[in-house]
Amino acid sequence: MDPFFVEPIARGGEYRLLTQSDLPIPDPDLQFKIVIVGDSGCGKTSLLSSYIRGSFPSEYEPTIFENHRAFLQDSSQQHILTVDLWDTAGQEDYERLRRLSYQDSNLIILAYSLAAKDSLLNIPEVWAPEILGFCVKTPIVLVGLKADVSKKEVHPEQAYNVAKSIGAVAHVECSAKQMYNVDQLFNACVNVVYNQHQAAAREAARDSKRFSKGHFRIASNSNNLATVGSEISKESRSDSCCTVM
Ligand SMILES: Nc1nc2c(ncn2[C@@H]2O[C@H](COP(=O)(O)OP(=O)(O)OP(=O)(O)O)[C@@H](O)[C@H]2O)c(=O)[nH]1
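Not measured: the values here are computed from a predicted model. (Residues numbered from 1 in each chain as written. Predicted model: local features only at pLDDT ≥ 70, side-chain atom pairs only at ≥ 80, totals over all residues. Heavy atoms only, no water.)

Let us now look at the packing of aromatic side chains. Summed over the entire model, instances satisfying the criterion amount to 2 aromatic pairs. Arranged with centres 5.5 Å apart and planes meeting at 20 degrees, the rings of Tyr-102 and Phe-134 form a pair that is stacked. One end of the pair, Tyr-102, is in the loop between helix 2 (95–101) and strand 6 (107–113); the other, Phe-134, is in helix 3 (residues 117–134), and 32 residues separate them in sequence. With a relative accessible area of 0%, Tyr-102 lands in the buried category. When the ring centre of Trp-86 is taken as origin, the NZ or CZ atom of Lys-33, which lies over that ring, is 3.5 Å away. (Phe/Tyr/Trp six-rings, centres within 6.5 Å; stacked < 30°, edge-to-face > 60°. Helix = DSSP H or I, 4+ residues; strand = E, 2+ residues; numbered from the N terminus. Buried < 20%, exposed > 50% of the residue type's maximum accessible area, 1.4 Å probe, protein only. Lys NZ or Arg CZ within 6 Å of the ring centre and 35° of its normal.)

Pasting the structure below:
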């Protein structure tokens, strides 16, 4: 069983992390929010640190809440994406604070540790229900962290079954410590949000063409036209984002 699988929505280009010094102007409509959640100590902060800073933190400090903004250039060098990466606390004490992080997220990275079987069991037991309570349509990427450990407690097949059961669009095993599959994981995540954005833009263009030709989907009288238009823009937003009330 290959521990790395990606659905077609997670395939596409590769992205290069830009530093402030080589930063051209980002595309204003390509702004995304990715939130990482999972058991305390499974390695979420270390993963973000290896990706953004290229360094593995030497000490464990429980996260309360942290944000990182990354600017990414696609391989065709046509676009600069702004990606906000939200690190959350896995500890139960911070449950209420963590729940606020889900607002407007475009993708959730759901993490477990390959060195702790319980952290995988908690995916369908704890984390998927919590996420589904706030973000019904937000895509999920499952990631197995600490792939470098010699004594793994999770078999790839178990992780694959969990990924399928929660409808994850990809499953990737990574090691933040050895920088193994870290870029590949984020490429898959960014492909998901970028592909969804492009599909929503194409849909909006098709809708506006239909409107301009006088083909109305819900109503044809001018009184209802404003309602129809605003419903469409709401729909395309909710396709990939979640709202916390
Ligand atoms: N061997 C190994 N250890 C890791 C790896 N990533 C993280 N760790 C260790 O796991 C411990 C927890 O890492 P964190 O990244 O702080 O975990 P977290 O999920 O952010 O934890 P919370 O902030 O409590 O939610 C630390 O001691 C890290 O050094 C990895 O890729 N390999």
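This next bit is on the confidence of the model for the chain. Taken over all residues, the pLDDT of the chain has a mean of 84, while the share at 70 or more is 85%. Under a pLDDT of 50 for its full length, residues 219–239 has, in the predicted model, 16 contacts with residues more than four places off or in other chains. At the level of chain-chain contacts, confidence expressed as ipTM amounts to 0.99, with global pTM at 0.84. (pLDDT = per-residue confidence, 0-100. Contact = heavy atoms within 4.5 Å.)

Our focus in this paragraph is the site of the ligand. Surrounding the ligand, one finds 19 residues, the nearest of these being Ser-40, Ser-46, Tyr-60, Thr-63 and Asp-148. Here an oxygen atom of the ligand sits 3.0 Å away from a polar atom, N or O, in the main chain of Gly-90. Separating an oxygen atom of the ligand from a backbone N or O atom of Lys-177 is a distance of 3.1 Å. When atom positions are compared with the pocket grids, the ligand is found to occupy the largest pocket. (Near = heavy atom within 4 Å. Polar contact = N/O pair within 3.5 Å; in protein donor to acceptor, adjacent residues only side chain to side chain. 1 Å grid on protein atoms, 1.4 Å probe; cavity = no way out; pocket = protein on both sides within 12 Å on 5 of 7 lines; lining within 4 Å. Sits in = over half its atoms within 2 Å of the grid points.)

Glancing now at helix 3. What sets the pattern is the α-helix's 3.6 residues per turn: residues three or four places apart point alike. End to end, helix 3 covers 26 Å across 18 residues, agreeing with the expected 26 Å (1.5 Å per residue, within 8%). A maximum bend of about 55 degrees is found in helix 3 at Ile-123, where proline Pro-124 lies one to four positions downstream. For helix 3, the set of buried residues is Ser-119, Leu-120, Ile-123, Trp-127, Ala-128, Glu-130, Ile-131 and Phe-134. Buried positions along helix 3 lie against strand 3 (31–38), helix 2, strand 6, strand 7 (140–145) and helix 4 (156–165). (Expected span 1.5 Å × (residues − 1). Bend = angle between axes of the 7 residues up to and from the residue.)

Let us look at the sheet that holds strand 4 (residues 65–74). Taken together, the 8 strands give an open sheet; going across it, the order is 1-8-7-6-3-5-4-2, and neighbouring strands pair in mixed fashion. Of all the strands in the sheet, just strand 1 (5–6) and strand 2 (15–17) have a single pairing partner and so form its edges. Sheet topology note: the strand 7/strand 8 (residues 170–173) ladder contains 4 bridges and is parallel. Considered in strand 8, the bridge of Val-143 is made with Val-172. (Pairing = 2+ DSSP bridges.)

Glancing now at the pattern of salt bridges. One pass over the structure, following the stated rule, counts 5 salt bridges. For the salt bridge of Glu-95 with Arg-99, the shortest nitrogen-to-oxygen distance reads 2.7 Å. Highlighted residues: Glu-95 and Arg-99, both in helix 2, separated by 4 residues, approximately one helical turn. The exposure class assigned to Glu-95 is partly exposed, which follows from its relative accessible area of 29%. By relative accessible area, Arg-99 is classed as partly exposed at 30%. The shortest N-O distance in the salt bridge between Arg-98 and Glu-130 comes to 2.9 Å. Placement of Arg-98 in helix 2 and of Glu-130 in helix 3 is noted, with a sequence separation of 32 residues between them. For the pair Arg-98 and Glu-130, a shared accessibility class is recorded, and that class is buried. (Salt bridge = Lys/Arg side-chain N within 4 Å of Asp/Glu carboxyl O.)

Together, Ile-64, Phe-65, Leu-97 and Leu-100 line one region of the surface with nonpolar side chains, adding up to about 360 Å² of accessible area. Positionally, Leu-100 belongs in helix 2. (Patch = residues over 30% accessible without salt bridge, like charges linked within 9 Å, V, L, I, M, F, W, Y side chains within 5 Å. Areas by Shrake-Rupley, 256 points an atom, 1.4 Å probe, with all protein chains shown as cover.)

Here we take up the nonpolar core. If you look at the biggest cluster of nonpolar residues, it comprises 35 residues, and the most contacted ones within it are Leu-47, Leu-81, Leu-85, Leu-107, Ile-109, Leu-185 and Phe-186. Put simply, the parts of the chain that give this core at least two residues each are strand 3, helix 1 (44–53), strand 4, strand 5 (80–88), strand 6, strand 7, strand 8 and helix 5 (182–212). With 9 residues, helix 5 is the single largest residue contributor to this core. The contact partners of Leu-185, leaving out residues within four places of it in the chain, are Leu-47, Val-141, Val-143, Val-172 and Cys-174. With 25 residues, the next largest nonpolar core counts Phe-5, Val-37, Tyr-102 and Ala-168 among its residues. (Core = buried A, V, L, I, M, F, W, Y, C linked by side-chain atoms within 4.5 Å.)

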